[in-house]
Amino acid sequence: MSDVVVVTGASAGVGRATARAFARTGARIGLMARGEDGLEAARREVVAEGTDAVAVPTDVSDPSAVEDAARVIEERLGPIDIWVNNAMVSVFSPFKEMEADEFKRVTEVTYLGVVYGTMTALRRMLPRNEGRIIQVGSALAYRGIPLQSAYCGAKHAIQGFTEAVRCELLHDKSNVTISMVQMPALNTPQFGWVKTRLPRHPQPVPPIFEPEVAADAIVWASNHPRRRELYVGAPTTATILGDKVASGALDHYLGRTGFKSQQTDEPVDADRSNNLWEPVAGDVGARGQFTARAHGRSFQLRATTHRSLLVPAGVAAGTLLLKVLRTRR
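We now turn to the structure provided with this report. (Residues numbered from 1 in each chain as written. Predicted model: local features only at pLDDT ≥ 70, side-chain atom pairs only at ≥ 80, totals over all residues. Heavy atoms only, no water.)

### Things to note about the pairing of strand β7 (residues 177–182)
Look at any regular strand and the pattern is simple: side chains alternate between the two faces of the sheet.
Part 1: In terms of residue burial, β7 counts as a mostly covered element, since six of its six residues are buried.
Part 2: Pairing analysis gives five bridges linking strand β6 (residues 132–136) to β7, with the strands arranged parallel. Residue Q135 lies in a different strand from β7, and its bridge partner there is M180.
Part 3: The pairing of β7 with strand β12 (residues 229–231) spans three bridges and is parallel. The residue of β12 that forms the bridge with V181 is L230. (Buried < 20%, exposed > 50% of the residue type's maximum accessible area, 1.4 Å probe, protein only. Helix = DSSP H or I, 4+ residues; strand = E, 2+ residues; numbered from the N terminus. Pairing = 2+ DSSP bridges.)

### Some points on the packing of helix α1 (residues 13–23) against helix α2 (residues 36–48)
Part 1: Contact geometry of α1 with α2 gives a least axis separation of 9 Å together with a crossing angle of 20°. Taken together, the axis directions place α1 and α2 in an arrangement best described as roughly parallel. Crossing geometry of α1 relative to α2 is assigned as right-handed. Side by side, α1 and α2 meet where R16, A19, R20 and A23 of the first sit next to G38, A41, A42, E45 and V46 of the second.
Part 2: Taken together, the residues that form the contact of α1 with α2 break down as five nonpolar, one polar and three charged. (Axes fitted to C-alpha atoms, helices over the stretch in contact; angles between N-to-C directions. Parallel < 35°, antiparallel > 145°, perpendicular 65-115°, else oblique. Left-handed = near helix turned anticlockwise from the far one by under 90°. Contact = heavy atoms within 4.5 Å. Nonpolar A, V, L, I, M, F, W, Y, C, P; charged D, E, K, R; others polar.)

### Here's the deal with the sheet that holds strand β1 (residues 4–8)
Part 1: Reading across from one edge, β3-β2-β1-β4-β6-β7-β12 is the order of the seven strands in this open sheet, with parallel pairing throughout. Among the strands making up the open sheet, the edge pair consists of β3 (53–57) and β12. Here the strands of the sheet are splayed against their neighbours by 15° on average, with no regard to which way each runs.
Part 2: α2 contacts β2 (28–33) and β3 of the sheet and is inclined by roughly 175° relative to β3.

Structure, rendered in structure tokens:
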């Protein structure tokens, strides 16, 4: 029997790409998001892969709505096997200019949406003693950057929350697992509809990866449930490890470069819509406007998900080095 997978934030970006990636495995997909145009388009894409899909318009900041959506999905598709918490919103703004209700909204969607999704998933998985929960994280779960204080705070919160829940599951000797996938900068539509106070158009901090790279990592993590955390992309690994050994230096570096690196040279359209409070109408798909600069694969991800190949490669490299050294002697 194929898995039943729930993806939140499924109407665009990483969620959209993830729904397609799971559909290609034959999984049946429950789709949650606020934007009905994108949600319906995502449902059609999943069905085109030859599997079933149920799309339920849902604001994940409302725990009752999340519970109701899960009930609909299980009635249509069967018990949920995998739950992917991906929905997010953000505001690009210096903290000193943020409004309290904006900060609250980002926290409610990006952090509490994960909490409510995890609660709903566990209500169904724990009685069956099986299931996998995947939290879509970020390098920003470890290293905050300027202009995204609310989003960084939410991702840090998800990290701590996930560790706490994992410990409880281990204490209970549960077969339900919870993992976090830490993402790099991604070419998603959020930079075209995020609320911003910046003078120029927001952008992900290069290097940039396509959302399909993130989707492949999420699917891999769901198939390797004992892997507690997965870093996606060399920049993510470098950022997290760098913060562990030189966080003060990174503070100063990001203070100098973090404003410019998150903006293009184009001025912001004064009339642009944003999705903080309401979804933006229309279907924008999975990718954003930075495809010309985005990488479609990550060699770091391939290496970390194929560790068994690294050992013989390392042995071969070591043998070759020894031969070279002997020849030189």
